[in-house]
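# Examining the three-dimensional arrangement
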Amino acid sequence: MILKTIQERRSVFPAQYNQDRVSKEEIVQLLEAANWAPTHRKTEPWRFYVVTGNQLENLGDFLADTYRKTTTKFSEFKLQKIKAKPLQASHVIVICMERDLKERVPEWEEVAATAMAVQNMWLMATELKLGSYWSSPTLINQMGDFLPMKENETCLGFFYVGNYDGETPMGERKPIEDKVTWL
């Protein structure tokens with residue numbers, strides 16, 4: 001059963017979402033799935049900020065303003081796209097990693113644990129027939145100016161969530177035999 005869900009997991013982009021809101025209960029299910037990711041030394045480094053409602057517009061405005069202030073190659077088209085993208089989603093879950101203050105494990109392991117938490121959310125979204133997509137634009141480096149992040153937190157991206165109509169395409173992978181060496 002789990003292999004079928006893994007094989008059906010796809011990126012469904014915000015432009016594909018319809019206007020139907022995802023319920024708070026479904027978002028909590030995604031977050032609960034994330035919370036069961038593997039974690040070395042039980043550091044549980046994943047942290048999430050859930051943005052919805054009017055805050056989606058505030059997020060879009062913040063990202064657009066930050067883009068305007070920081071870019072060296074301004075594009076009005078890109079500015080408008082950045083501003084509109086959060087509004088296409090029902091929820092944007094900001095993905096962060098809180099570094100273990102004791103540094104008991106290498107940082108890459110905590111990033112990997114957070115990525116596994118996101119994979120769990122993605123699989124749960126697939127089960128719930130929700131669209132989801134992980135985006136990591138350069139602007140995530142400025143999220144401490146928008147969110148009450150701790151000093152030892154790092155933003156790793158945005159997990160867009162929304163309802164969508166239609167079917168997702170079948171995935172394609174090269175055979176596993178091409179990627180494995182038996183010794």
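### A short note on unusual backbone geometry
Its identity as a non-glycine residue notwithstanding, Lys42 has a phi of 55 degrees, on the positive side. On the secondary structure map, Lys42 appears in the loop between helix H2 (24–34) and strand S1 (46–52). Among the residues examined, Lys42 registers a relative accessible area of 69% and is labelled exposed.

### A short note on the nonpolar core
Grouped together as the largest cluster of nonpolar side chains are 26 residues, with contacts concentrated most on Leu63, Val92, Val94, Met143 and Phe158. Elements supplying a minimum of two residues to this core: S1, helix H3 (54–70), helix H4 (76–88), strand S2 (91–98) and strand S4 (153–162). Top contributing element to this core by residue count: H3, with six residues. Setting aside its immediate chain neighbours within four residues, Val94 contacts Arg47, Phe48, Tyr49, Val51, Met143, Leu147, Cys155, Gly157 and Phe158. Counting 19 residues, the second-largest nonpolar core is a separate cluster that includes Ile27, Ala37, Ile95 and Leu130.

### Thoughts on H3
Its 17 residues place the ends of H3 25 Å apart at the C-alpha level, agreeing with the 24 Å of an ideal helix rising 1.5 Å per residue. Listing the buried residues of H3 in full gives Leu56, Leu59, Gly60, Phe62, Leu63, Ala64, Thr66 and Tyr67.

### Concerning the side chain of Asn163
Structurally, Asn163 is set in the segment after S4. Of the residues examined, Asn163 reaches a relative accessible area of 17% and is grouped as buried. Only 3.1 Å separates the side chain of Asn163 from the backbone oxygen of Asp20, close enough to count as a polar contact. In this view, Asn163 contacts Gln16, Tyr17, Asn18, Asp20, Arg21, Val22 and Leu130; residues no more than four positions away in its chain are not counted.

### Section: the packing of H2 against helix H5 (residues 107–127)
Taken N-terminus to C-terminus, the directions of H2 and H5 make an angle of 140 degrees; their axes are 7 Å apart at the nearest point. Taken as axis vectors, H2 and H5 run oblique relative to one another. Read as a crossing pair, H2 and H5 show a hand that is right-handed. Taken together, the residues of H5 that come into contact with H2 (itself represented by Gln29, Leu30, Leu31, Ala33 and Ala34) are Ala117, Asn120, Met121, Met124 and Ala125. Grouping the amino acids of the contact of H2 with H5 by side-chain chemistry returns eight nonpolar, two polar and no charged.

Here is what the cut-offs are and how they apply
Residues numbered from 1 in each chain as written. Predicted model: local features only at pLDDT ≥ 70, side-chain atom pairs only at ≥ 80, totals over all residues. Heavy atoms only, no water. Helix = DSSP H or I, 4+ residues; strand = E, 2+ residues; numbered from the N terminus. Buried < 20%, exposed > 50% of the residue type's maximum accessible area, 1.4 Å probe, protein only. Core = buried A, V, L, I, M, F, W, Y, C linked by side-chain atoms within 4.5 Å. Contact = heavy atoms within 4.5 Å. Expected span 1.5 Å × (residues − 1). Polar contact = N/O pair within 3.5 Å; in protein donor to acceptor, adjacent residues only side chain to side chain. Axes fitted to C-alpha atoms, helices over the stretch in contact; angles between N-to-C directions. Parallel < 35°, antiparallel > 145°, perpendicular 65-115°, else oblique. Left-handed = near helix turned anticlockwise from the far one by under 90°. Nonpolar A, V, L, I, M, F, W, Y, C, P; charged D, E, K, R; others polar.

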